[in-house]
Amino acid sequence: MTDYLNRRRFLHKTTALGTAAAALTLSADQNQPAPPAGAPAPLAQGQRPYRGPSVVLVRFGGGVRRLETITDAEHTYCPFIYHELARRRGILFNNVSIEPNPRIVTSHGQGTLYILTGRYDRYEDITHRPFADRFEPKVPTIFEYFRRHYDIPPHQALIINGEDRIHEEFYTFSNHHQYGIRYRSTVLSLYRYKSYLLREQIRAGGMSEAELEARRARLRHMENLDYRVQGMPDDAPHVVSPELNAFWRKWREHYGDSGLVNPRGDRLLTTLALWALRELKPRLLMINYQDPDYVHWGNPHFYTRSIAIIDDGLRQIHDATQADEAYRDNTVFLIVPDCGRDSNRAMPVPFQHHFNTRSAHEVFVVAAGPGIAHPRAAVDLPRQHCSVAATVGRIMGFPTPEVDAGAGALQEMLA
Ligand SMILES: [Zn+2]
């Protein structure tokens with residue numbers, strides 16, 4: 001329910017502040033500022049060139065049940081994922097669970113961090129504001145492991161985020177002293193695009209001083225939202241990666257300044273992923289789909305339709321990798337929900353929420369691509385949701401020393 005309220009709160013704020021809030025963005029996270037005074041000495045970034053497969057990690061969010069996705073071959077709402085990826089090209093783990101512990105919350109931010117860090121944790125919002133969902137992982141994310149081990153530029157370790165989960169913009173690095181900001185992932189989202197746009201508009205000028213100041217204030221506000229880069233020297237130059245600037249420049253040429261022409265919702269995430277594969281050539285790409293969660297509003301059709309939209313998006317992304325020399329036969333797809341949903345027969349829509357019920361803990365993993373085992377049957381032995389991080393480490397060949405040692409990688413796909 002938290003995220004439902006959070007979404008309502010966000011929408012309310014957006015309406016209240018009009019375009020200012022709608023244009024909220026954050027540029028600082030795309031920068032490479034110096035570490036704050038007193039920070040531990042950085043470790044040298046991995047110098048090893050990366051020659052392994054690329055990985056497309058798909059968060060099947062926000063929260064889906066097995067029942068509408070992988071349980072029933074005849075009635076699945078994601079036939080491409082089920083028949084083509086899981087059955088024909090890969091493997092299905094149909095008995096994956098988030099640890100059945102009432103302290104381990106089944107919601108979107110938490111589930112995303114279990115995937116990213118390989119550990120369950122009781123995350124507390126560190127801003128102490130209601131519904132802020134600002135969580136800080138204490139152990140590294142897979143992006144940090146990857147970038148520390150290999151010579152990978154920031155724009156090739158990407159997370160694609162939706163429009164209205166601003167707190168997720170900050171799940172890009174942990175506060176682990178040996179990893180952290182230096183090895184963080186880079187986010188592509190409309191939020192980031194709008195910050196790029198503001199910087200460009202301010203640079204171009206050609207407007208009244210009042211308008212210019214309003215844009216500067218908005219940009220400052222956005223940059224200050226990332227409390228975790230606060231404390232950096234105020235005069236640190238905002239050096240934005242040239243690759244990302246070039247990416248957003250092309251996006252702007254194509255879609256313009258309004259933010260209204262481009263696809264919306266999870267279709268936008270698919271479009272951003274297709275552009276990223278073409279323009280930035282990421283080696284590790286995570287796509288945080290979210291729209292099935294609109295069923296919190298009470299309309300079951302939102303949910304099933306969103307599952308189908310994600311399925312169609314994955315078909316397009318898979319086709320794109322097969323048509324691209326850089327990715328063909330060298331890309332592994334991993335699909336995992338952030339959490340399940342309730343199966344509450346007392347509710348008109350049994351899967352409307354995800355209140356830590358048994359069903360909300362029940363998820364699955366689909367894996368497909370080169371090097372992934374193709375057994376005849378699905379793996380129905382119990383497996384842990386947080387195993388995905390160690391699995392990505394095994395596929396890409398980097399160590400993941402801080403993952404939950406008891407969970408381990410999903411061995412059967414690596415056999
Ligand atoms: Zn939700």
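Above this text is the structure in question.
For the chain, the count of helices and strands is 13 helices and eight strands. Looking at the 415 residues of the chain, the share that counts as buried comes to 49%. Residue pairs at least 24 apart in sequence account for 77% of intrachain contacts in the chain once pairs closer than 6 positions are excluded.

Interaxial distance between helix H6 (residues 190-204) and helix H7 (residues 209-225) falls to 10 Å at its minimum, and their mutual angle equals 145 degrees. You can see that H6 and H7 cross each other, and the crossing is left-handed. Across from Ser195, Leu198, Arg199, Gln201 and Ile202 in H6, the residues of H7 making contact are Leu212, Arg215, Arg216, Arg218, Leu219 and Met222. When its residues are assigned to classes, the contact of H6 with H7 shows five nonpolar, two polar and four charged.

Taken together, eight strands build an open sheet; the order of strands is E4-E3-E5-E1-E6-E7-E2-E8 and the sheet is mixed. With one partner strand each, in any of the chains shown, strand E4 (186-188) and strand E8 (383-384) form the two edges of the open sheet. Bridge count between strand E3 (residues 157-160) and strand E5 (residues 284-288): four bridges; the pairing is parallel. Across the sheet, residue isoleucine 159 finds its bridge partner in E5, namely methionine 286.

With that settled, consider helix H12 (residues 387-396). One turn of the α-helix equals 3.6 residues, which is why residues spaced by three or four share an orientation. Across the 10 residues of H12, nine count as buried, placing the element largely inside the fold. Listed in full, the buried residues belonging to H12 are Ser387, Val388, Ala389, Ala390, Thr391, Val392, Gly393, Ile395 and Met396. Two residues or fewer after H12 comes glycine 397, characterised by a positive phi angle close to 75 degrees.

Ranked by size, the top nonpolar core spans 102 residues in total, and within it Val58, Phe146, Leu334, Val365, Val366 and Ala367 carry the most contacts. Leaving out residues up to four positions away in the same chain, alanine 367 has contacts with Gly90, Ile91, Val332, Phe333, Leu334, Ile372 and Met413.

Parameters and conventions
- Residues numbered from 1 in each chain as written.
- Predicted model: local features only at pLDDT ≥ 70, side-chain atom pairs only at ≥ 80, totals over all residues.
- Helix = DSSP H or I, 4+ residues; strand = E, 2+ residues; numbered from the N terminus.
- Buried ≥ 20, exposed ≤ 12 C-beta atoms within 10 Å, placed from the backbone.
- Contact = placed C-beta atoms within 7 Å.
- Axes fitted to C-alpha atoms, helices over the stretch in contact; angles between N-to-C directions.
- Left-handed = near helix turned anticlockwise from the far one by under 90°.
- Nonpolar A, V, L, I, M, F, W, Y, C, P; charged D, E, K, R; others polar.
- Pairing = 2+ DSSP bridges.
- Core = buried A, V, L, I, M, F, W, Y, C linked by C-beta atoms within 7 Å.

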